[in-house]
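If you want the building blocks of each chain, they are given just below.
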Amino acid sequence: MSRCEELFAEARRYIPGGVNSPVRAFRSVGCAPVFATRGEGAYIWDADGRKYADYIGSWGPLILGHAYAPVTEAVCAAARGGASFGLPTEREVEMARLIAELVEGVELVRMVSSGTEAVLSALRVARGFTGRELIVKFEGCYHGHSDGMLVKAGSGLATAGRPDSAGVTAKTAAETISCRYNDVGEMKEIFAAHKGEIAAVIVEPVGANMGVVPPAPGFLESLRELTTAQGALLIFDEVITGFRLSLNCASGYFGVTPDLWTFGKIIGGGLPVGAYGGRRDVMSVVAPLGPVYQAGTLSGNPVAMAAGLAALKTLRGAPHIYKELAAKGERLRRGLAEIFKKCDIPACVQGIESLATIFFTEGPVRSYDDAKKSDTARYARYWKSMEKRGVLLAPSQFEALFISAAHSGEDIEYFLSCAEEAARGGEL
Ligand code: PMP
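Rules and cut-offs
- Residues numbered from 1 in each chain as written.
- Predicted model: local features only at pLDDT ≥ 70, side-chain atom pairs only at ≥ 80, totals over all residues.
- Pairing = 2+ DSSP bridges.
- Helix = DSSP H or I, 4+ residues; strand = E, 2+ residues; numbered from the N terminus.
- Axes fitted to C-alpha atoms, helices over the stretch in contact; angles between N-to-C directions.
- Buried ≥ 20, exposed ≤ 12 C-beta atoms within 10 Å, placed from the backbone.
- Contact = placed C-beta atoms within 7 Å.
- Core = buried A, V, L, I, M, F, W, Y, C linked by C-beta atoms within 7 Å.
- Domains from an automatic or database assignment.
- Nonpolar A, V, L, I, M, F, W, Y, C, P; charged D, E, K, R; others polar.

(A) Spotlight on the sheet that holds strand E4 (residues 108-112). Strands sit in the order E4-E10-E9-E8-E7-E5-E6 across an open sheet of 7 strands; the sheet is mixed. The sheet is open, and its two borders are formed by E4 and strand E6 (176-179), each paired with just one other strand. Within the sheet, the average angular offset between the axes of one strand and its neighbour, ignoring direction, is 20 degrees. Taken together, the 4 bridges between strand E7 (residues 198-203) and strand E8 (residues 233-237) define a ladder with parallel strand orientation.

Written out as structure tokens, the structure is:
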């Protein structure tokens, strides 16, 4: 038994399924999880001493790679000064100002401790502001595990083939309407059927939890027009896209300004952080200014703020990082598409900037229904063939691949050479 297998056996005695988040159980590839012991730059090492080029990147936060020195140093220095006060600190002010400066349209921002918390808070704000109850989300989008968002959700639920979660009441589920991603016609029908009842439409501006599904031209613009016309709010869930597509987030990248944003991942530099923010009038309903209550013992935690500030300031000071990430993403996607074409394997490589997914189906994949056509058994074989060669990918078809600034051009070429060897060798 390998050390990872031993640890997994022990973990299952004390932790449900042996993991603290379902996707880490590696169920869809049928082997023990990689128990990580250390990370540095683009690489991680597991409990058996194996080294991997890591394209999970903690599922998004690590745009600068593992143990990025300025982040590590900021964390250590902050911890020495006290891990938590439950009082305001200057770092929180700096974080809020930085987000407001970088993201056009964000005027007030509140820190929380996870993406889930950011989303559930933003939804409460939307309902409190509009006095309406219904929320529209898109099939295959994942917005964390708050009750109302576990309807037709992507990510781990998609992997488990379960669109919804047990334990969510029918009444709560009925307050969420789901719509097909990239389907403006269906969205119009939903608005027509629920005139004056929809508080908000929440969307991943790039779908990244059903594999990567970019918005079709005009999709986000149409959502903006429809919500405005109906007095509903538009929420961009930028937990993945925020500060990954660009320094100005997806809203700046696509030039569409929502009313509210949710953030997480990158703004915490690898520590547990989320945030929600937006228009001043909307955010002014939040306590203590207004009647919508939301609070947190560890919100704006000084160590987490130090990590996030170090990451964001690095990105702001080195915007060339985004150009390089885009070039690496482009090279990877193009290279993979060529390999599968040459080897006659039906595949559709999608993505944007530093995000990518290979769907083993003829594309394009524009919605969750399309994504589900992918051959997941083939994805599992592809995952194993890459793992064997020391390249670690998300063990599920319905996730993104994350490239970081720490991945070199050689890392990308190595990735491609592994995929080519596997494809040519009949392993897929
Ligand atoms: N929104 C999106 C778009 C996400 O991808 C995720 C997590 N992957 C969340 C929300 C939830 O964030 P967290 O896991 O930090 O609660």
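(B) Inspection of the pairing of strand E2 (residues 43-46) at higher detail. Every second residue of E2 is oriented toward a common face, the buried set being Ile44 and Asp46 and the non-buried set Tyr43 and Trp45. Where strand E1 (residues 36-40) meets E2, 4 bridges bridge the pair, whose relative direction is antiparallel. Residue pairing in the sheet places Gly39 in a bridge with Ile44 of E2. Two successive antiparallel strands, E1 and E2, enclose a turn made up of 2 residues, where Gly41 displays a positive phi of approximately 60 degrees. Bridge count between E2 and strand E3 (residues 51-54): 3 bridges; the pairing is antiparallel. Bridging from a neighbouring strand, Ile44 pairs with Tyr52 of E3.

(C) Fine view of the environment of Arg132. Looking at the element boundaries, Arg132 is found in the loop between helix H4 (115-130) and strand E5 (134-138). Owing to 19 C-beta atoms within 10 Å, Arg132 belongs among the partly exposed residues under this scheme. Between the C-alpha atoms of Arg132 and Asp164, which are 32 residues apart in sequence, the distance is 23 Å. Setting aside its immediate chain neighbours within four residues, Arg132 contacts Arg127, Glu197, Ile198 and Ala199.

(D) The nonpolar core, seen in detail. Counting residues in each nonpolar core, the largest one holds 138 residues, and the members touching the most others are Ala126, Ala200, Leu233, Ile235 and Ala275. In terms of residue count, the dominant contributor to this core is helix H11 (residues 302-317) (10 residues). Per-domain counts for this core show at least three residues from each of domain 1 (3-67 + 319-424) and domain 2 (69-317). Leave out the neighbours within four places in its chain, and Leu233 touches Ala126, Phe129, Thr130, Ala199, Ala200, Thr227, Asp259, Leu260 and Val282.

(E) Main features of the domain arrangement of the chain. Assigned domains of the chain: these are domain 1 (3-67 + 319-424) and domain 2 (69-317). The straight-line distance from the C-alpha centre of domain 1 to that of domain 2 is 25 Å. On the domain 2 side, the residues contacting the 33 residues of domain 1 number 36 residues. If you list the elements that add at least two residues to the side of domain 1 that touches domain 2, you get helix H12 (320-342), strand E11 (348-352), strand E12 (355-359) and helix H13 (368-371). Take the side of domain 1 that touches domain 2: its biggest share by element is 4 residues, from E12. Looking at the side of domain 1 that touches domain 2, its residues break down into 19 nonpolar, 10 polar and 4 charged.

(F) Spotlight on the environment of Val303. Its place among the elements puts Val303 in helix H11. Val303 sits 219 residues away from Ser84 along the chain, and the two C-alpha atoms are 7.6 Å apart. Ignoring sequence-local partners within four residues, the contact set of Val303 consists of Val75, Ala78, Ala79, Ala83 and Leu271.

(G) Just unusual backbone geometry, in detail. Following Ala287, the chain continues into Pro288 via a peptide bond in cis, with omega recorded as 10 degrees. Among the structural elements, Pro288 can be located in the loop between helix H10 (280-283) and H11. Along the chain, Gly363 connects to Pro364 via a cis peptide bond; the corresponding omega equals -5 degrees. Within the fold, Pro364 resides in the loop between E12 and H13. Of note, the phi angle at Ser58 is positive, near 60 degrees, even though the residue is not glycine. When you line up the elements, Ser58 lands in the loop between E3 and helix H2 (69-80). Residue class for Ser58 comes out partly exposed when judged on the 16 C-beta atoms lying within 10 Å of it. Of note in this structure, Glu353 is not a glycine but carries a positive phi near 50 degrees. The exposure class of Glu353 is buried, given the 23 C-beta atoms found within 10 Å.

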